[in-house]
Amino acid sequence: LRRSRSNSHYCGGSLISPTLILSAAHCRSSGLSLPNVVIGRADFTNLTEGESIPVVEEMLHPKYGNVVLEDGARGAAPNYDFMLLRLERPVSLPNVQYVQLHNANNDDDV
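Residues numbered from 1 in each chain as written. Predicted model: local features only at pLDDT ≥ 70, side-chain atom pairs only at ≥ 80, totals over all residues. Heavy atoms only, no water.

A look at the nonpolar core
Moving on, step 1. Membership of the largest hydrophobic core comes to 13 residues, with the highest contact counts inside it found for Ile21, Val37, Ile39, Leu85, Leu87 and Val91.
Moving on, step 2. Elements with a contribution of two residues or more to this core: strand 3 (36–39), strand 4 (51–60) and strand 7 (83–87).
Moving on, step 3. The leading source of residues in this core is strand 7, at three residues.
Moving on, step 4. Sequence-distant contacts of Ile39, defined by excluding residues within four places in its chain, comprise Leu15, Ile21, Gly50, Glu51, Val91, Leu93 and Val96. (Core = buried A, V, L, I, M, F, W, Y, C linked by side-chain atoms within 4.5 Å. Buried < 20%, exposed > 50% of the residue type's maximum accessible area, 1.4 Å probe, protein only. Helix = DSSP H or I, 4+ residues; strand = E, 2+ residues; numbered from the N terminus. Contact = heavy atoms within 4.5 Å.)

Here is the structure:
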């Protein structure tokens, strides 16, 4: 993930479909603008390598930051520290591979 305004790298993620990234919820945007996702860039100093796509939606796990802790306070739960990022458009780079998520209905895939 790269901040839209400063163009600085701050978190990673995994491409799970042409328009969805799986990332950590603690990486959610804290400002007014959503981040960009950079695909296919091995060297962060080479700004011409890869593809930059704006994020249009952040979908945090509903229990992230909304659980009752042992002391009765509400807070973030590390077990739910993930979110999906919806991209403005599909990734267009050739030879991009997606992370295969485990299918709980098919134990043969384990």
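There's more to say after this.
Some points on the pairing of strand 1 (residues 13–17)
Moving on, step 1. Alignment of strand 1 against strand 2 (residues 20–23), held across four bridges, turns out to be antiparallel. Its bridge partner being in strand 2, Leu15 is matched across the sheet by Ile21. (Pairing = 2+ DSSP bridges.)

What about the side chain of Ser17?
Moving on, step 1. Here Ser17 lies in strand 1.
Moving on, step 2. What makes Ser17 buried here is its relative accessible area of 18%.
Moving on, step 3. A distance of 3.2 Å separates a polar side-chain atom of Ser17 from the backbone nitrogen of Leu20. (Polar contact = N/O pair within 3.5 Å; in protein donor to acceptor, adjacent residues only side chain to side chain.)

Examining unusual backbone geometry
Moving on, step 1. For Asn95, which is not glycine, the phi torsion reads 65° and is therefore positive.
Moving on, step 2. Tracing the backbone through its elements, the reader meets Asn95 in the segment after strand 7.

Details of the state of the cysteines
Two cysteines form a disulfide when their sulfur atoms are joined by a covalent bond.
Moving on, step 1. Taken as a whole, this structure holds one disulfide when the rule is applied.
Moving on, step 2. There is a disulfide in this structure between Cys11 and Cys27, and the S-S distance comes to 1.9 Å. With the S-S bond torsion at -70°, the cross-link from Cys11 to Cys27 turns out left-handed. Residue Cys11 is located in the segment before strand 1, and its partner Cys27 is located in the loop between strand 2 and strand 3; the two are separated by 16 residues in the primary sequence.
Moving on, step 3. For Cys27, a relative accessible area of 4% translates into the label buried. (Disulfide = S-S within 2.5 Å.)

Here's the deal with the pattern of salt bridges
Moving on, step 1. Within this structure, the stated rule accounts for two salt bridges.
Moving on, step 2. A salt bridge links Arg89 to Glu51, with the shortest nitrogen-to-oxygen separation between them at 2.5 Å. Of this pair, Arg89 sits in the segment after strand 7 while Glu51 sits in strand 4, and the two are 38 residues apart along the sequence.
Moving on, step 3. The exposure class assigned to Arg89 is partly exposed, which follows from its relative accessible area of 32%. (Salt bridge = Lys/Arg side-chain N within 4 Å of Asp/Glu carboxyl O.)

Side note on the sheet that holds strand 2
Moving on, step 1. Spatial strand order, 1-2-7-4-3: five strands in an open sheet with antiparallel pairing. The strands lining the two open edges of the sheet, one partner per strand, are strand 1 and strand 3. Each strand axis lies, on average, 40° off the axis of its neighbour in the sheet, ignoring direction.
Moving on, step 2. Two elements, strand 3 and strand 4, share four bridges in a ladder whose sense is antiparallel. The partner of Val37 across the bridge, within strand 4, is Ile53. (Axes fitted to C-alpha atoms, helices over the stretch in contact; angles between N-to-C directions.)

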